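# Structural characterization, general
Okay, here's what each chain looks like letter by letter:
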Amino acid sequence: MPIATSVALAFSLSADAFAASLGKGASLHGVNLREAARIGAYFGAFELATPLVGLAVGSLALGWGAGHYIQAVDHWIAFTLLLIVGSRMSYLAWAGGPEGGTPKPSRHSALALITTALATSIDATAVGVTLGFMDVHIPSTIALIGAVTFAMAFGGALIGRAAGPFLGRWAEFAGGIGLIAIGAKVLVEHGVFG
């Protein structure tokens with residue numbers, strides 16, 4: 001059963017990266033395989049690293065009794081980053097007026113990918129805190145999370161590229177709104193609204 005738990009965990013954590021990469025692919029002027037792999041690599045690397053950070057922080061926090069402080073702010077950080085990135089993306093979709101938005105770049109900046117990848121992977125930090133208590137092989141689970149996220153983000157960028165020309169600025173706008181919705185979902189999952 002541990003392998004089933006690891007696979008379920010990997011796919012559930014990669015869902016946000018998939019949704020964000022759809023928007024990233026749609027907001028570019030033609031995503032090639034190299035750029036899709038680059039997007040996947042950023043998302044996969046962050047999704048792989050953040051559980052390790054969570055595991056380390058969780059071990060320290062348990063020793064210091066500070067675990068509840070981390071859980072009190074992680075979702076607000078994720079929400080704020082996703083709100084900023086999503087709002088900017090949605091704004092830029094319509095910035096050029098009715099004739100067209102700002103010209104689409106052929107690739108995203110490293111900062112844009114880092115910000116989005118970090119925001120979508122913060123929940124994996126919280127998962128990392130609890131990995132020590134789960135019945136899973138930790139190194140292979142973390143590697144699986146990174147690999148599945150890479151594949152999902154790579155595919156999401158290519159799907160976004162395919163949908164982008166048909167949906168035009170609406171695809172980029174929807175991608176930005178999707179990032180904001182992911183941030184709101186993080187707050188709901190942490191019980192902020194009830």
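This text follows the structure it describes.
Residues numbered from 1 in each chain as written. Predicted model: local features only at pLDDT ≥ 70, side-chain atom pairs only at ≥ 80, totals over all residues. Heavy atoms only, no water.

## Structural notes on the overall build of the chain
To keep it simple, the criterion reads: Under the DSSP-based scheme used, a helix requires at least four consecutive residues in state H or I and a strand at least two consecutive residues in state E, with every element numbered from the N terminus. The criterion used for residue contact is that any of the two residues' heavy atoms lie within 4.5 Å. To be clear on the numbers: accessible area is Shrake-Rupley with a 1.4 Å probe, and residue cover counts the displayed protein chains and nothing else.
In terms of helices and strands, the chain carries 6 helices and 0 strands. The long-range share in the chain, meaning contacts at least 24 apart out of those at least 6 apart in sequence, stands at 90%. Surface summary for the chain: the accessible area is close to 9500 Å², and the carbon and sulfur share equals 74%.

## Structural notes on the side chain of Lys24
Along the polypeptide, Lys24 turns up in helix H1 (residues 2-26). Residues in contact with Lys24, not counting those within four places in the same chain, are Ile39, Val85, Met89, His108, Ala112, Leu113 and Thr116.

## Describing the environment of Leu92
Along the chain, Leu92 falls in helix H3 (residues 67-94). Taking the C-alpha atoms as reference points, Leu92 and Ser27, separated by 65 residues in sequence, lie 9.3 Å from one another.

## Description of helix H4 (residues 110-131)
Inclusion rule: The length a helix should cover is 1.5 Å for every residue beyond the first. Bend at a residue means the angle formed by two fitted axes: the first through the 7 residues ending at that position, the second through the 7 residues beginning there.
Compared with the 32 Å implied by 1.5 Å per residue over 22 residues, the 29 Å span of H4 between its first and last C-alpha is a close match. At Ser121, H4 is bent by approximately 40°, the largest bend along its length.

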